[in-house]
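Single-letter residue listing:
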Amino acid sequence: MNQAIPVSRVTDHGTAKLMPDVDRRRAWLLTVDGAPQSYVDLDEPAHLEFEYTRRLGHVLDTVAEPGRALDVLHLGGGAFTLPRYLAETRPGSRQDVVEADRGLLDLVAEHLPLPDGAGITAHGADARDWLAAAPADSADVLVADVFGGSRVPAQLTSVEYAREAARVLRADGVYVANLADGAPFGFLRGQLAGFAALFEELALIAEPGVLRGRRFGNAVLVAAGRPLDIPALARRTAADAFPARVEHGAALRDFIGGARPVRDADAVPSPEPPAGAFGIG
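Reading the values: the criteria
Residues numbered from 1 in each chain as written. Predicted model: local features only at pLDDT ≥ 70, side-chain atom pairs only at ≥ 80, totals over all residues. Heavy atoms only, no water. Buried < 20%, exposed > 50% of the residue type's maximum accessible area, 1.4 Å probe, protein only. Helix = DSSP H or I, 4+ residues; strand = E, 2+ residues; numbered from the N terminus. Pairing = 2+ DSSP bridges. Right-handed = clockwise from strand over helix to strand, strands pointing away. Axes fitted to C-alpha atoms, helices over the stretch in contact; angles between N-to-C directions. Left-handed = near helix turned anticlockwise from the far one by under 90°. Contact = heavy atoms within 4.5 Å. Nonpolar A, V, L, I, M, F, W, Y, C, P; charged D, E, K, R; others polar.

Novice: How would you explain the pairing of strand 5 (residues 71-75) if you had to name every residue and give the values?
Specialist: Taken across its five residues, strand 5 has five buried, putting it largely inside the fold. Relative to strand 6 (residues 94-99), strand 5 is paired through five bridges, and the arrangement is parallel. Bridge pairing in strand 6 places Val72 opposite Gln95. Note on the crossover from strand 5 through helix 2 (residues 81-89) to strand 6: the handedness is right-handed. The sheet contact formed by strand 5 and strand 8 (residues 139-144) spans four bridges and is parallel. Within the sheet, the bridge partner assigned to His74 lies in strand 8 and is Val143.

Novice: Which residues make up the packing of helix 1 (residues 51-62) against helix 8 (residues 230-239), and what are the values?
Specialist: Where helix 1 contacts helix 8, the two axes come as close as 10 Å, and the packing angle between them is 145°. In the packing of helix 1 onto helix 8, the handedness of the crossing is right-handed. Facing His58, Val59, Asp61 and Thr62 of helix 1, the residues of helix 8 in contact are Ala232, Leu233, Arg236 and Thr237. Along the lines of polarity and charge, the residues of the contact of helix 1 with helix 8 split into three nonpolar, three polar and two charged.

Novice: So what's going on with the sheet that holds strand 5? Which residues, and what values?
Specialist: Spatial ordering of the open sheet is given by 7-6-5-8-9-11-10-12, a layout of eight strands whose pairing is mixed. At either end of the open sheet lies a strand with only one pairing partner, and these are strand 7 (120-124) and strand 12 (245-248). Ignoring strand direction, the axes of neighbouring strands in this sheet form an average angle of 15°. Pairing geometry for strand 8 and strand 9 (residues 169-181), over five bridges, is parallel. Across the sheet, residue Ala139 finds its bridge partner in strand 9, namely Leu169. The strands touched by helix 3 (residues 102-111) within the sheet are strand 6 and strand 7, with strand 7 carrying the most contacts at an inclination of about 145°. Along the sheet face, helix 6 (residues 186-196) touches strand 9, strand 10 (201-206) and strand 11 (217-224) and points at about 175° away from the line of strand 9.

This is the structure we're talking about:
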């Protein structure tokens, strides 16, 4: 049997590396400029390795009845971890994946090809530009997982961006985003304030230590124009191998406090993570 070997390539936005997992025969870790971006098991696409992807997966599991096909727009592609997950858990779903790094798309297509008939279409384009041109009421779910290195780009942090996301989602659609911040949470509070201005329902999922300000980390923002199944989401996240908490309602309003939505003119990227925050051993 041929042993998998690491692959490294300079792409449009950095140096991408694919590293095989010695414990799983056809599993790969993607890093860009040393920052972990994706983990994919080609033999088991429903396997989610990273903590934040597991939380995104819990949201995707609870947005509709099990197995129901969805129309999903992904901003940020990486190695297509979540599109593969949805193709497996919700077969028949139609998915568009927007990734600005065309070189990365080529690398993934070459070494981690999508299965035939997966219903996933990749687009090499800027996420904000694609969203602005997307048809209204065209998506059941919008997943935002866009990082330039280890930071969310400024153009995807404003209330104007949130308004475009709301336009593209159907009336019962759900927005879910992977963000990152640490105490005193100026960035995260501003993001929540922006989406609270446009969506009736809001939730935040994070590891308790992050929410208490003990460390920098990922936080999953969920927004919808209709009630979310918070009890089911809370059960899943609490029972996970990496337990997390779901903030919702009054507790989340307290967390947002007096934060104001961020406008395009004032938008900045998410904070630079502390050294080693998202590193790999």
